Each structure stands twice: as C-alpha cells, then as structure tokens.
Amino acid sequence: MSRLNRDVYIAIFLIVFTAVFFWQSFEIKNIDYGTLQASAWPRMILVVLGILSVTYLVQSLKVGPAEETESDGLGFFERYRNPIVCFILYFLFLFSMPYLGMLIAGILFVFLLLSAIGGVTPKALIIHAIIACISIGAMWSFFTYPLGVILPQGELISTF
Amino acid sequence: MIFENILLAVQELSTLETLLFMSIGTLAGLVAGAIPGFTIAMAIVLTLPFTFSMPPAQGLATMMGVFVGGLSGGLMSGILTGIPGTPSSVATTFDGFPMARNGRPGLALGIGVWASFFGGTISAVLLVTLAPQLAQIGLEFQPSDYFMLVLFALTITASLAGENLTKGLIAGALGLLIATIGEDEASGIARFTFGFDDMRQGFSFLPVLIGLFAFSQLLTDLEDRVKAKKALSEDGSSAVRVEHLAAIKIVLSQWVNLLRSSFIGVFTGVLPAAGSSISNILAYDQAKKASKTPEKFGTGCAEGIVAPESANNATAGGALITMMALGIPGDIVTAVMLGALLIHDVVPSPSFVTEEPVLAYSMFLAFFVANFLMIALQSGALRLFVLVTKVRMYILAAIILAYCGIGVFALNNIEYDMWTLFLFGILGYVLRKLGFPLAPIILGVVLGHIAELWLARATAISTSVLPFIIQPWSMFFLILAVFSVFFSSYQDNLGKKTWTLFYTPALTAAMSVPMFLMEGTARPILGVILLLLSGFLLNRARQQGWKVNPADAEGPRLSEG
C-alpha cells in the first residue's frame, strides 16, 4: 500500500469517525438551566476535527504517490509479531483477572510474554518463571501491604 | 509573606519519610532518564500510582524528584554511550560523547551534572520569584481570557509537535474529544457513551496517559525482534568516577554561557508546549555562535556540555512557572505533573499560589531540593544505570507492562481503568505508527476539561462571542494562537520565502493592539515598543531589498519530537 493510499484511508476514517460522533452528539440531552449545553463544546471540537480531517484528505490527495520502498520481505504479522502477541496476552490477562486474580493472572501474563518473545528453551522457561514470580509477587506485595490497595483476588482463590 | 510560606513549606518537606521518597524518586528519575527509549514523562507517569496514598505535598515532592532526576539522567547514557537517554539530552552527546571517548568520561559527566545543578538552581530561584508575580497577572484574566489561553496552548503544541501541522492539530482535537466522553462535569449528562453504562464515568486521566504514552512506547521498543532480546546497552559501559572538583571549576569559569543557557531554558519552559527537548538544542546553538572557538564544538569541548545541560534543567523551572501560575502545562512533562495535581485534588490556577501557599511553595522548594539530591545521588545512579542496562529489553518491558496494569488499578480500584489503559495502549501504538504526534493528544485530554469549564463560565457571563475577541487578554492569546498555527510553516520557509520577512513584524504589531487596550501605563508603553520593533524589522528588511537570508534556514528548528 503506497503512502498516498494510507493517508487517504486514514483521512476518510477520520471523517467517518467525526460523522459518527457528530450524529451521537444529538443523543446528548439538552437541559433548561445553564447557558452552555452539554453538547455545545463536543460539537465545536467535532466541527474543528471535521474541517481538519477534510484538510488532511485534500493534502493527502494532492501529494503524489509515494515511491515504493524496498520491502524487507516481512509480512504484516511477521513485522508486528511482538506487539500483536503483547495485545493478545494483555487482553487475556485482563479477561482472566476476575477469575484468576491479579497475582496469578499477572504472573501468567509476564511468564507467557517473556516466553513468547524470549524463547522457550528449558533454561529460558525456568528463568522466565522466576522473573514472573518475583516481579509480580513483589509488586503485588508492595501495592497490597504498604499502599493498602485491595487488588482483585479472583473467583478461583475466593472459592478456596 | 514569601519567607513565611517558605518556612511552612520547609516544615512540610523536612520529614524523613518525604526526603526518603524524594531521594527514591530522584534516583528512579536518574536511572529512567538514562535509559534510551524511556522518557521523563514515562518515568513520572509510572511513579504516579505510588503517590496516590501519600499526602499531596509528599506525593508531588516525590514526583519533582523524578522530574529533576529524569532531566539529569539523560546525560549519563548520552555521554557514556552516545545515545541520549531522553530528547532533552540530545545536544549533550555532541560534545559529551567525544570528551568521554577522548579519555575524560568522568570530567564530561561532572560537567554535565554540575551544569544541570546550576541550571536547575537558577530556574528554581526564578520559579519562586516569578510564579507568584505571573499568578498576579493571571488574576486579571476573565473566563474568556482563560479559554483563549488554553486554545493558544493547544495550537502551539500542535504546531511544535512534528513535521505535519494538520496531524498535530487533529491529534489535539482528538485529545479534546476524548476528554468529553462520559458525564459532563457541570450537568451530569452522559456524552458519547454509545449505550455502555461503564462509559458514563468517562476515561480517567492516568490510564489514558499510561496507555498512550508508556504502553505504546514499550510496544514500539519490542517491535524489533532482535533488539527486543538484546540488553539495553551491549557496549559494556561501566561506571566511572565523576570528577566533581574539576567540573565545578570549569562550569563556574563559563558563567556567561551558564547564565545565558539557563535563561534560554527558563524562557523556553515558560512558553506553552516548548520543552527541554527544544531548549537544549537552542542553548547549544547559541553557545556555539557566541563562542570564540566554535570550531571546537563537536570535538568534546566543555562549553558544548554546559549549554544543553544547564538549559534542559532550567526549562523544568520555566515550565513549572507557567503551570503553577496559570494552570497551563509548559510541556508534556508538566502536563503529566498537572494531571498528578488533579489526581491529588489540586487544581493549579492564578489563585492557587495565594489559596494553597504551603503546597505551592512546597513544590517550589521540592524542585530546589531535588537538584541537590540529584548531585548527591548521581554516582549511585550511575552504578544502577550500568546494572539496568544489562537487562534485556523484553524482560524490562514485560514487567513494566504488568506494573502499568496494577498501577492503573490502584487509582480507583476498578478493572474498567485497566481496560481503558489497554484500549489507549492500542490507540497510542497505532497513532505512533501512522505518524500522529502523541503530545497534543495528551495535552488535549488534560486541557479539555479546563477549556470547557472556562467556556461555560464565560458564556454564563455573556452569550456573545465578542468578549473572546475584544477583551485585551483574549485578543492577546487569540493573536498568539493564530500566529502559532502558522509557526510551523514559517519555520519551514524561513530563509526561503519572502513572506517570512513579515511574520515577526506582523506578530509584534498585532500584539501591540491588546497592549494599548490594557489599563495602566506600563502595558501601553510596551505596546509602543512592540510597534517600534515591528517598524524597525520591516525597515531593516526593506533596506536589505526584501531579500531572505539562506543562513536562517540552517538554524535549529523549534520543534518537539
């Protein structure tokens, strides 16, 4: 995908995004008191955002096609493997937290992320497990005791 | 009155616990600032969760320690490895690294540390004296003036944010829009919830900030699969003995350079959105121009270390002046500090210094003390930095990602904040990849509530738009906002296009108009001076035949990022 195409697509996305929010701004209730309606300020921002998005679109269309850069042969998933792995594991960390609790879900998250990026040799797995237990254990203890934060215990531990 | 407040602030800060937390904060800032890829803003953001349970003065003093430490930490990696730890130390590497390679790493570090100390101390003195004065001026502001001030801050942020002005402005507008999601603070009416009840509470500042800034930065650091598995520094950098005495002599012998650079730093910091990443390069450039031996710059000369390091630490004081006196963040770091104040239920405004003098002076004093702590802890931080650089990037990133989640949860004890962090982490990463600057979004999020609040107050007084245009201070900020939008284009075309010759004269002439409308005699006189300056600049350009100077195009760009 050339640079021109990408910027044009982003600009179109922004215009649609602005339109959706503008449409949603009509769902905001109006009140009889006060002088500034709750929808006024967001609409002002959306008008500005809309104008800027259109300007961006025009600018993107005016620019000629970007020169094809030499590909390093990596596909999208190959290139962004680590961030994608992070996103998936973080999602699973958050999703599993109500069941496993912050401590177990956190240890699992760090262990899996370290192993996914750092490799899965027996030695590496042991090191990753130790790092995950010590780091999350220390954080959990620090937030729980000195700072007095009640971190999610999780249904799994609550049942025992 | 000032001394009384200072004494009360001393009492507030002089507890063993506070000094201990400040020392830990300074040490953490020094190490975080030294690690390439870790910014000062990120260090402060990650410190925030620890300060929730602290009293405001203690929590803010801790963060001051991180702030000052972070500014000084960047020089360690810059000098020892040639890779600046933070953007505020970019110019330090120009001469610091060559001096270290010439066999004097201890002296280079010493000069950097002491220049940072003196720069920070000078700006601390200016902070204590100027912030209350600026706050006095701020007390004159009407709600419409405030709204225009926030608008100006946003435009200048966008224009300094990077190469693409439109993207910067879009990012700023997106930040403002994010701040509107959830219940309206004034009326309690839900906005943009799309039917999700959880969205009624909107997005807390901290998860948005950590997501956009820290989370997305860590993912960017992990992107390269080979680099992610490597240690942060594999060149075998080792701790060196800092040559303090020799460094002090050199730094003090260059007092003109030190003062000039410190004032450049303070002035840059006072400007909304112009931070230490700009001031260090500006100061370096000025030092080179003023030097009798400019050819030695870049080969390891002391002047080239004194200038950027004194300037970047002085910028912190300047940025704090604007934030403390007007409630407007001077740069991304003070935007985070502003968010921290809001989390501690402190809202900076012109009345803040008079209404909360102990807290305000505690912050001033903490900034001052942090500079001393920075000097005391530099050697220890250097050893710690060498240790940390041996850790592989992916290990550090995984632990910090988990910490981000736990820290964010501690804010309100709800999982929703962690999902917010995740959502904005993805958004931040995608925006980075698409070339959108993140600083305007964060400032938009911080300033969005403030802007709406002042707009509501202004419209409660008058529904007419005229006060936003004809009131002197509103007009003043409107003019600055308009010119700041075109500033990026002005910089691009400086020394190339004839119209750039009219930019500064037009700005000064326009700024004289609100000055004439202001009460008293000093400001109209200032208006006359501005008008005369405009005439002088135009006349000079006319005498030179309206020819542009190509050398102007080669100067340093006033741009973040």
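Placed above this text is the structure.
Below, the structure is looked at part by part. (Residues numbered from 1 in each chain as written. Chains lettered and ligands numbered in written order. Predicted model: local features only at pLDDT ≥ 70, side-chain atom pairs only at ≥ 80, totals over all residues. Heavy atoms only, no water.)

### Comments concerning the overall build of chain A
Secondary structure summary: chain A contains six helices and zero strands in total. Secondary structure elements of chain A, listed N to C terminal, follow the sequence α-α-α-α-α-α. For chain A, buried positions account for 39% of its 160 residues. Summed over its atoms, the accessible surface of chain A is roughly 9,400 Å², and 70% of this surface lies on carbon and sulfur atoms. (Helix = DSSP H or I, 4+ residues; strand = E, 2+ residues; numbered from the N terminus. Buried < 20%, exposed > 50% of the residue type's maximum accessible area, 1.4 Å probe, protein only. Areas by Shrake-Rupley, 256 points an atom, 1.4 Å probe, with all protein chains shown as cover.)

### With respect to a nonpolar patch on the surface
Judged by side-chain polarity, A:Tyr9, A:Ile12, A:Val16, A:Val20, A:Trp23, B:Phe194 and B:Phe196 come together as a nonpolar surface patch covering roughly 720 Å² of accessible area. Looking at the secondary structure, you find A:Tyr9 in helix α1 (residues 3-25). (Patch = residues over 30% accessible without salt bridge, like charges linked within 9 Å, V, L, I, M, F, W, Y side chains within 5 Å. Salt bridge = Lys/Arg side-chain N within 4 Å of Asp/Glu carboxyl O.)

### A short note on the interface of chain A and chain B
On the side of chain B, 61 residues touch chain A, which itself brings 62 residues to the contact. Surface buried jointly by chain A and chain B totals about 5,500 Å² across both partners, of which 80% is contributed by carbon and sulfur atoms. Of all residues in chain A, A:Trp41, A:Phe87 and A:Tyr90 bury the most surface against chain B, accounting for 13% of the area lost on that side. Connecting chain A to chain B are one salt bridge. The closest approach of N and O atoms between B:Arg225 and A:Glu78, which form a salt bridge, is 2.8 Å. Between chain A and chain B we count seven residue pairs in polar contact (both at pLDDT 80 or more) in total. Put simply, the parts of the chain that give the side of chain A that touches chain B at least two residues each are α1, α2 (40-62), α3 (76-79), α4 (81-118) and α5 (122-144) of chain A. (Contact = heavy atoms within 4.5 Å. Buried area = accessible area lost by both parts, 1.4 Å probe. Polar contact = N/O pair within 3.5 Å; in protein donor to acceptor, adjacent residues only side chain to side chain.)

### Some points on the packing of aromatic side chains
The relation between two aromatic rings is expressed through the spacing of the ring centres and the mutual angle of the planes. Residue and element names in this part refer to chain B. Scanning the model with the defined rule gives 50 aromatic pairs over all chains in all. On the numbers, 5.3 Å between centres and 75° between planes, the contact of Trp 114 with Phe 117 is edge-to-face. With Trp 114 and Phe 117 both in helix α6 (residues 105-138) and three residues apart, this pair spans about one turn of that helix. Residue Trp 114 is classed as buried on the basis of its relative accessible area of 14%. Residue classification places Phe 117 among the buried residues on the basis of a relative accessible area of 8%. Judged by centre distance (5.6 Å) and plane angle (80°), the ring pair of Phe 147 and Phe 468 falls under edge-to-face. Taken together, the residues span a long stretch of sequence, with Phe 147 in helix α7 (residues 143-160) and Phe 468 in helix α21 (residues 467-470) at a distance of 321 residues. (Phe/Tyr/Trp six-rings, centres within 6.5 Å; stacked < 30°, edge-to-face > 60°.)

### Overview of the pattern of salt bridges
All names here are of chain B. Counting across every chain of the model gives eight salt bridges over all chains. Across the salt bridge formed by Glu 243 and Arg 104, the nearest N and O atoms sit 3.0 Å from each other. With Glu 243 in the loop between α10 (225-228) and α11 (244-253) and Arg 104 in the loop between α5 (90-101) and α6, the pair connects residues that are 139 residues apart, well separated along the chain. Classification of Glu 243 by relative accessible area gives partly exposed; the value is 24%. A relative accessible area of 37% places Arg 104 in the partly exposed class. Connected through shared salt-bridge partners, Asp 184, Arg 191 and Glu 452 make up one network.

### Looking at the packing of α5(B) against helix α13 (residues 276-290) of chain B
Residues and elements named next belong to chain B. The N-to-C vectors of α5 and α13 enclose an angle of 45°; their axes lie 7 Å apart at closest approach. For the element pair α5 / α13, the angle class is oblique. For the pair α5 and α13, the contacting residues are Val 90, Ala 91, Phe 94 and Asp 95 in the first and Asn 280, Ile 281 and Tyr 284 in the second. When the residues that make up the contact of α5 with α13 are grouped by side-chain class, the tally is five nonpolar, one polar and one charged. (Axes fitted to C-alpha atoms, helices over the stretch in contact; angles between N-to-C directions. Parallel < 35°, antiparallel > 145°, perpendicular 65-115°, else oblique. Nonpolar A, V, L, I, M, F, W, Y, C, P; charged D, E, K, R; others polar.)

### Remarks on helix α15 (residues 332-343) of chain B
Residues and elements named next belong to chain B. A rise of 1.5 Å per residue sets the reference length of α15, with its twelve residues, at 16 Å; its end C-alpha atoms lie 17 Å apart and thus fit the reference within 8%. The set of residues buried in α15 consists of Ile 332, Val 333, Thr 334, Ala 335, Val 336, Met 337, Leu 338, Gly 339, Ala 340 and Leu 341. Packing partners of the buried residues in α15 comprise α3 (40-51), α4 (56-81), α9 (205-223), α14 (303-326), α17 (357-388) and α20 (439-461). Just downstream of α15 lies Asp 345, where phi reads positive at about 60°. (Expected span 1.5 Å × (residues − 1).)

### Examining the nonpolar core
If you look at the biggest cluster of nonpolar residues, it comprises 223 residues, and the most contacted ones within it are A:Tyr90, A:Phe93, A:Phe109, A:Leu113, B:Ile44, B:Ile111 and B:Phe477. Top element by residues in this core is α17(B). It accounts for 17 residues. Once you skip the residues sitting within four places of it in the chain, B:Ile111 turns out to touch B:Met99, B:Ala247, B:Ile250, B:Val251, B:Ala302, B:Ile305 and B:Val306. In terms of nonpolar packing, the next biggest core, distinct from the first, is built from nine residues, B:Ile264, B:Tyr284, B:Ala287 and B:Cys301 among them. (Core = buried A, V, L, I, M, F, W, Y, C linked by side-chain atoms within 4.5 Å.)

### Observations regarding the side chain of A:Ser96
Residues and elements named next belong to chain A. The topology assignment puts Ser 96 in helix α4. Here the side chain of Ser 96 touches Phe 93 through a polar contact of 3.3 Å, landing on its backbone oxygen. Leave out the neighbours within four places in its chain, and Ser 96 touches Gly 101 and Ala 105.

Coordinates in, geometry out; function isn't part of it.
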